[in-house]
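# An overview of the molecular structure
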Amino acid sequence: MRKLISTGSPFEKTAGYSRAVVQGDWCFVSGTTGYDYASMTMPETVEAQTRNCLATIASALRDGGFDMEDVVRAHYYITDQAFVDVVFPILGEAFGEIRPAATMIVCQLNRPEMKIEIEVTALRRTVRGGPMP
């Protein structure tokens, strides 16, 4: 069964994508930038943007019946190599015990105010009747 998750971002409708797609025991979360979707504002700092990304991702995962602990793969896109040491501790707070396979890439993003974008894939850790072997 396929389930589409939306944050209500106007970008989702304009660009024709979902924040996340649940297919069976998998959840694929789209690249998520640091917008506060309630106010459609972007914080100036990469730290605040990173925290917003993670909060949006956690919410999308919950809406799909997943937890952050289900994340098995993460892609991080940052716009400046200097951000690596700034965001690592924040990412470590979120994923330190989970330790998904991860890649960080320095690149340009779609808008100049965007400093980080995070994309994750999650695999449900439990099946009916108990934990996965």
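Look up a bit, the structure's there.
This text gives an overview of the structure that appears in the document.

Cut-off values and rules
Residues numbered from 1 in each chain as written. Predicted model: local features only at pLDDT ≥ 70, side-chain atom pairs only at ≥ 80, totals over all residues. Heavy atoms only, no water. Pairing = 2+ DSSP bridges. Helix = DSSP H or I, 4+ residues; strand = E, 2+ residues; numbered from the N terminus. Axes fitted to C-alpha atoms, helices over the stretch in contact; angles between N-to-C directions. Parallel < 35°, antiparallel > 145°, perpendicular 65-115°, else oblique. Left-handed = near helix turned anticlockwise from the far one by under 90°. Contact = heavy atoms within 4.5 Å. Nonpolar A, V, L, I, M, F, W, Y, C, P; charged D, E, K, R; others polar. Core = buried A, V, L, I, M, F, W, Y, C linked by side-chain atoms within 4.5 Å. Buried < 20%, exposed > 50% of the residue type's maximum accessible area, 1.4 Å probe, protein only. Phe/Tyr/Trp six-rings, centres within 6.5 Å; stacked < 30°, edge-to-face > 60°. Lys NZ or Arg CZ within 6 Å of the ring centre and 35° of its normal.

## So, the sheet that holds strand β4 (residues 71-78)
Reading across from one edge, β1-β2-β3-β6-β4-β5 is the order of the 6 strands in this open sheet, with mixed pairing throughout. Edge positions in the sheet fall to β1 (2-5) and β5 (101-106), since each has one partner strand and no second. Taken pair by pair, the neighbouring strands of this sheet meet at an average axis angle of 10 degrees, ignoring direction. Where β4 meets β5, 6 bridges bridge the pair, whose relative direction is parallel.

## Considering the pairing of strand β3 (residues 26-33)
Bridging between strand β2 (residues 20-23) and β3 involves 4 bridges; their strand directions are antiparallel. Paired with V21 across the bridge in β3 is F28. With antiparallel pairing between neighbouring strands as the criterion, β2 and β3 make up a hairpin whose turn holds 2 residues, including G24 at a positive phi of roughly 65 degrees. With 6 bridges connecting them, β3 and strand β6 (residues 116-123) associate as antiparallel partners.

## A few points about the packing of helix α2 (residues 46-63) against helix α3 (residues 84-95)
The relative placement of two packed helices is expressed as an angle between their axes plus a distance between the axes. Contact geometry for α2 and α3: axes closest at 9 Å, N-to-C directions at 25 degrees. Overall, the two elements α2 and α3 adopt an arrangement that is roughly parallel. Regarding α2 and α3, the two cross each other, and that crossing is right-handed. Across the interface between the two elements, V46, E47, T50, R51 and L54 from α2 touch V86, V87, I90, L91, E93, A94 and F95 from α3. Looking at the contact of α2 with α3 residue by residue, the class counts come to 8 nonpolar, 1 polar and 3 charged.

## A few points about the nonpolar core
Formed by 28 residues in total, the largest nonpolar core has its most connected members in C27, L61, I118 and V120. Of all the secondary-structure elements, those providing two or more residues to this core are β2, β3, α2, β4, α3 and β6. Of the residues forming this core, the biggest block, 7 residues, is contributed by α2. When sequence neighbours within four positions are dropped, the list of residues in contact with I118 reads S30, G31, T32, T50, C53, L54, I57, H75, Y76 and L91.

## Some remarks on the packing of aromatic side chains
Counting across every chain of the model gives 4 aromatic pairs. Taken together, a centroid distance of 6.1 Å and an interplanar angle of 15 degrees make the contact between W26 and F28 stacked. Judged by relative accessible area, which is 36%, W26 ranks as partly exposed. Judged by its relative accessible area of 40%, F28 falls in the partly exposed class. Consider the rings of Y35 and Y37, whose centres lie 6.1 Å apart with planes at 40 degrees: the pair is tilted. When sorted by exposure, Y35 lands in the same class as Y37, which is buried. Among the aromatic residues, ring-to-ring pairing joins F11, Y35 and Y37 into one connected group. Taking NZ or CZ as reference, R124 lies 4.1 Å from the ring centre of F66, over its face.

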